[in-house]
Amino acid sequence: MFLTNRHPPEQLLQLKALSHRTSLGDKNHQQLERLSLGYQGECLYDRVFTEVGHENLHIYRDIYLKVEDSTTQYDTLIITDQGVIVNEIKNFKGTYTVSEGSWALGDFVLPDDPFAQLRRAIGKLRRLSNLSDLNFKVSGKLIFPNEECTLIINDEKLKENIIIRSNLRRYFERFKQSYSSNYASAISNVISEHIVENPYLKEGVAFDDIRHGLYCEACRTFDLSTERYHLRCLSCGTIETKETHLIRAISDFKYLFGKLPLTTEKMMRFTGGQISKRTVQRVLDKYCDRHGISKSSTYTFKYYDFNEAMKHEGVKRRYKDHLLK
Ligand SMILES: [Zn+2]
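All values derive from a computational prediction rather than experimental measurement.

As for the sheet that holds strand β11 (residues 224-226)
Strands belonging to one sheet form pairs held by backbone hydrogen bonds; the direction of such a pair is parallel or antiparallel.
Phase 1: Spatially, β11-β12-β13 is the arrangement adopted by the 3 strands of the open sheet, whose pairing is antiparallel. Edge positions in the sheet fall to β11 and β13 (239-241), since each has one partner strand and no second. Taking the axes of each pair of neighbouring strands and ignoring which way they run, one obtains an average angle of 30 degrees across the sheet.
Phase 2: With 3 bridges joining them, β11 and strand β12 (residues 230-233) adopt antiparallel strand pairing. Note on β12: the bridge partner recorded for Leu 224 is Cys 233.
Phase 3: Seen against the sheet, helix α7 (residues 242-256) touches β11, β12 and β13 and runs at an angle of roughly 75 degrees to β13.

Rendered as structure tokens:
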């Protein structure tokens, strides 16, 4: 069973929010594409795993583990009575020529060697195994979930550490023979005790450096007309509730401005005054935790991001959105 949620990386959410409100440079644009593709691969991996079934396993997804002084990110850890298996997910597309220490896509040689990354990730967990007295075994595989990925590998030994899309289902099915009893639970507890927040968060941008206002979900333009409970896009006709717009703005705010405290006044400025203060206040109170009293109150979003908030709250809401997609 999945023990932790998988979320889009913070940096991806930041770049996405930025891309609607300013022009990304080439480097940031490529980073956005790369992170987006990576996340799609992880979701595909989860979907296939869920189709095969994983109730007998302890699975951590998208976690940071602090072991001694260093923190390592893990896409997926599978824990059974046999130990821990690291799955590093690489959503590569295209034909790669692979040898020890070098991965090439045509003439382009990848700056990082995925095998080295996997070895480092396994090494950290072995260290944790020694420190914990549980002496659990640690192994790992590189997972390539994309059907459009071809790997040319001559070294048979390297192949053993790789699972490609056509073998993924079979790979997961092998875990059906695995058991997770007290020993797996004990390992799982040790892992859980070492989970930390993502320490690599990027700095936020300056509040006034980017475009303020509300934008249409479907076509991203900022030309909206105000109706009683909704905003209508003047470009494509999409109608979304004011509440939906505000949830998106709160989520964007969270990822755009780093540690800048969210206040009613800041949200009024950020949304360009298109929605009344009373409504802004009501939505902040509903979707955020409030700190302090009266005018100096600050808010923190209760949800990871816009999509999570909509999943929790969207179905109950009175005035529905009409997305024209
Ligand atoms: Zn639109």
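A few points about the nonpolar core
Phase 1: Formed by 37 residues in total, the largest nonpolar core has its most connected members in Ile 250, Leu 262, Met 267, Phe 270, Leu 284 and Phe 301.
Phase 2: Secondary structure elements with two or more residues in this core: α1 (10-21), α2 (26-52), β12, α7, α8 (264-270), α9 (277-287), β15 (298-301) and α10 (306-313).
Phase 3: For this core, the element with the highest residue contribution is α7, accounting for 6 residues.
Phase 4: Each of two domains, domain 1 (10-196) and domain 2 (207-316), supplies a minimum of three residues to this core.
Phase 5: Excluding anything up to four places from it in sequence, Phe 301 contacts Ile 247, Ile 250, Ser 251, Lys 254, Tyr 287, Cys 288, Phe 306 and Ala 309.
Phase 6: Ranked by size, the runner-up nonpolar core spans 33 residues in total, among them Tyr 60, Val 84, Val 86 and Trp 103.

Basis of the calculations
Residues numbered from 1 in each chain as written. Predicted model: local features only at pLDDT ≥ 70, side-chain atom pairs only at ≥ 80, totals over all residues. Heavy atoms only, no water. Pairing = 2+ DSSP bridges. Helix = DSSP H or I, 4+ residues; strand = E, 2+ residues; numbered from the N terminus. Axes fitted to C-alpha atoms, helices over the stretch in contact; angles between N-to-C directions. Contact = heavy atoms within 4.5 Å. Core = buried A, V, L, I, M, F, W, Y, C linked by side-chain atoms within 4.5 Å. Buried < 20%, exposed > 50% of the residue type's maximum accessible area, 1.4 Å probe, protein only. Domains from an automatic or database assignment.

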